[in-house]
Amino acid sequence: MRFLNKLERKFGRFAIPGLMKYIIACYVIGYVIMYTMPNVLSYLTLEPYMIFHYGQVWRLISWVLIPPTQSNIIFVIIMLVLYYQLGTVLEQTWGTFRFNVYIFGGVIFTILGAMVLFLIYGVNTPISIGSSFSTYYINMTIFLAFAVCYPDMRVMLYFIIPIKMKWMAAVYGALIAYSFVVSSWSGRVAIIASVLNFLIFFATTRHMASSPRDYRRRKNFKKQVHQPRTGTSGAIHKCAICGRTELDDPNLQFRYCSKCRGNFEYCQDHLFIHKHVE
């Protein structure tokens with residue numbers, strides 16, 4: 001978490017707001033190519049052999065245009081709308097930078113997985129593995145991430161059956177496990193890459209706020225950073241327990257408590273030991 005905080009302070013300004021709309025735009029382009037020029041897709045796949053032996057470096061990026069396979073246009077539209085909504089809510093929950101880290105982390109892990117498999121098969125072996133590497137499992141982990149943040153949220157399955165996200169996540173998890181068993185090694189590596197990104201992200205951000213209320217709290221916090229408080233001699237932060245500010249000790253860290261009702265800010269010494277305000 002501290003590592004991500006440092007990265008955000010240093011590189012947060014480069015984060016792409018509204019990343020899901022660009023992802024959906026890539027899917028739309030991919031579906032247009034799939035339905036109108038299906039032969040072109042073979043030039044977009046993530047094929048390390050073609051990259052290193054023929055210099056087709058665009059494949060390092062172009063594979064993200066390959067959307068999850070769907071033959072029914074209605075299901076395509078439903079899928080695009082669903083993942084746009086899930087991704088947008090996750091960005092609002094985590095913040096733009098962390099959502100960018102999660103998505104690009106999945107992309108980078110997938111590329112690394114393809115390269116490792118390329119080395120295992122042998123750099124001079126002209127084997128095709130690109131068909132196994134797409135954004136399908138990255139989409140799966142977006143759904144799993146949403147379910148972790150909002151396990152009790154209900155969705156309407158097929159617009160009829162109400163079901164909680166945690167049960168849908170269990171089904172998705174079972175599908176991923178089944179795919180792992182029946183897939184080739186290239187498919188298994190793609191699954192491992194996406195799931196590994198999911199596990200690492202949540203292992204390193206387990207204390208991260210995960211509700212719209214926490215998102216609004218963080219947003220208010222950022223606004224208040226530039227607004228000196230009255231009665232604290234120009235200090236920006238003040239602990240609700242001990243009354244210390246950053247003027248007393250510049251090394252103090254201050255955070256809002258996600259369990260307290262109201263905007264109560266605490267220093268690092270009292271954040272986890274104070275009595276929550278109901």
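None of the values given here were measured: they were computed from a predicted structure.

**Overview of the overall build of the chain**
Consideration 1: Along the backbone of the chain there are 10 helices and four strands.
Consideration 2: Listing each helix as α and each strand as β along the chain from the N terminus yields α-α-α-α-α-α-α-β-β-α-α-α-β-β.
Consideration 3: Taken across its 278 residues, the chain has 43% of its residues classed as buried.
Consideration 4: Sequence separation of at least 24 residues holds for 63% of the intrachain contacts in the chain that already meet a minimum separation of 6.
Consideration 5: For the chain, the exposed area adds up to about 16200 Å²; of that, 65% sits on carbon and sulfur atoms.

**Regarding a positive patch on the surface**
Consideration 1: Judged by side-chain charge, Arg-2, Lys-6, Arg-9 and Arg-255 come together as a positively charged surface patch.
Consideration 2: If you tally residues by element for the positive patch, the top one is helix 1 (residues 2-11), at three residues.
Consideration 3: Positionally, Arg-2 belongs in helix 1.
Consideration 4: Overall, the relative accessible area of 71% leaves Arg-2 in the exposed class.

**Points about the packing of aromatic side chains**
Consideration 1: The final tally for this structure, using the stated rule, is 14 aromatic pairs.
Consideration 2: Ring centres of Tyr-31 and Tyr-35 lie 6.2 Å apart, and the angle between their planes is 15°; on these two criteria the pair is classed as stacked. Placement of the pair is Tyr-31 and Tyr-35 together in helix 2 (residues 19-36), with a separation of four residues, close to one helical turn.
Consideration 3: Plain terms: the ring middles of Phe-198 and Phe-202 are 5.0 Å apart, the flat faces sit at 55° to each other, and that makes the pair tilted. Taken together, the residues span about one helical turn, with Phe-198 and Phe-202 both in helix 9 (residues 185-204) at a distance of four residues.

**Description of the environment of Ile-142**
Consideration 1: On the secondary structure map, Ile-142 appears in helix 7 (residues 136-149).
Consideration 2: For Ile-142, a relative accessible area of 1% gives the class buried.
Consideration 3: Remark: the alpha-carbon pair of Ile-142 and Tyr-83, spanning 59 residues in sequence, is separated by 7.8 Å.
Consideration 4: With sequence-adjacent residues up to four places away left out, Ile-142 is seen in contact with Met-20, Tyr-83, Leu-86, Gly-87, Leu-90, Tyr-102 and Ile-103.

**Section: the packing of helix 8 (residues 165-182) against helix 9**
Consideration 1: Two elements in contact, helix 8 and helix 9, have axes separated by 8 Å at closest approach and are oriented at 145°. Residues Ile-176, Ser-179, Phe-180 and Val-181 of helix 8 lie in contact with helix 9, whose contacting residues are Arg-188, Ile-191, Ile-192 and Val-195.

**Some remarks on the nonpolar core**
Consideration 1: With 59 residues, the main nonpolar core has Tyr-83, Leu-90, Trp-94, Tyr-102, Phe-133 and Phe-202 as its most contacted residues.
Consideration 2: If you tally residues by element for this core, the top one is helix 7, at 10 residues.
Consideration 3: Every residue in contact with Phe-133, bar those within four places of it in the chain, is listed here: Leu-46, Trp-63, Thr-110, Gly-113, Ala-114, Leu-117, Ser-186, Val-189 and Ala-190.
Consideration 4: Within the second largest apolar cluster, eight residues are counted, among which are Cys-239, Leu-252, Cys-257 and Cys-260.

**What about the confidence of the model for the chain?**
Predicted coordinates in areas of low pLDDT are best not read in detail.
Consideration 1: Of all residues in the chain, 87% have pLDDT values of 70 or greater, and the mean over the chain is 82.
Consideration 2: When the elements of the chain are averaged for pLDDT, helix 10 (residues 212-225) gives the smallest value, 54, and helix 4 (residues 59-62) the largest, 94.

**Section: a nonpolar patch on the surface**
Consideration 1: On the surface, a nonpolar cluster with roughly 630 Å² of combined accessible area is contributed by Tyr-35, Ile-73, Ile-74, Phe-75, Ile-77, Ile-78 and Val-81.
Consideration 2: Of all the elements, helix 5 (residues 73-94) adds the most residues to the nonpolar patch, at six residues.
Consideration 3: Secondary-structure assignment places Ile-73 in helix 5.

**Some points on the packing of helix 6 (residues 96-121) against helix 7**
Consideration 1: Relative orientation of the contacting elements helix 6 and helix 7 amounts to 145°, with a least axis distance of 10 Å. In this structure, helix 6 meets helix 7 at a crossing whose hand is right-handed. Counting all contacts with helix 6, which are made through Tyr-102, Ile-103, Gly-106, Val-107 and Thr-110, the residues of helix 7 involved are Ile-138, Thr-141, Ile-142 and Ala-145.
Consideration 2: For the contact of helix 6 with helix 7, the residue count by class is six nonpolar, three polar and no charged.

**As for the pattern of salt bridges**
Consideration 1: Under the definition given, this model contains three salt bridges.
Consideration 2: Across the pair Glu-8 and Arg-98 runs a salt bridge, and its minimum N-O distance is 2.3 Å. Residue Glu-8 is found in helix 1, and its partner Arg-98 is found in helix 6; the two are separated by 90 residues along the sequence.
Consideration 3: Since its relative accessible area comes to 25%, Glu-8 is described here as partly exposed.
Consideration 4: Connected through salt bridges with shared partners, the residues Asp-152, Lys-164 and Lys-166 form a single ionic network.

Definitions and cut-offs
Residues numbered from 1 in each chain as written. Predicted model: local features only at pLDDT ≥ 70, side-chain atom pairs only at ≥ 80, totals over all residues. Heavy atoms only, no water. Helix = DSSP H or I, 4+ residues; strand = E, 2+ residues; numbered from the N terminus. Buried < 20%, exposed > 50% of the residue type's maximum accessible area, 1.4 Å probe, protein only. Contact = heavy atoms within 4.5 Å. Areas by Shrake-Rupley, 256 points an atom, 1.4 Å probe, with all protein chains shown as cover. Patch = residues over 30% accessible without salt bridge, like charges linked within 9 Å, V, L, I, M, F, W, Y side chains within 5 Å. Salt bridge = Lys/Arg side-chain N within 4 Å of Asp/Glu carboxyl O. Lys, Arg positive; Asp, Glu negative; His and termini not counted. Charge placed at Lys NZ, Arg CZ, Asp CG, Glu CD. Phe/Tyr/Trp six-rings, centres within 6.5 Å; stacked < 30°, edge-to-face > 60°. Axes fitted to C-alpha atoms, helices over the stretch in contact; angles between N-to-C directions. Core = buried A, V, L, I, M, F, W, Y, C linked by side-chain atoms within 4.5 Å. pLDDT = per-residue confidence, 0-100. Left-handed = near helix turned anticlockwise from the far one by under 90°. Nonpolar A, V, L, I, M, F, W, Y, C, P; charged D, E, K, R; others polar.

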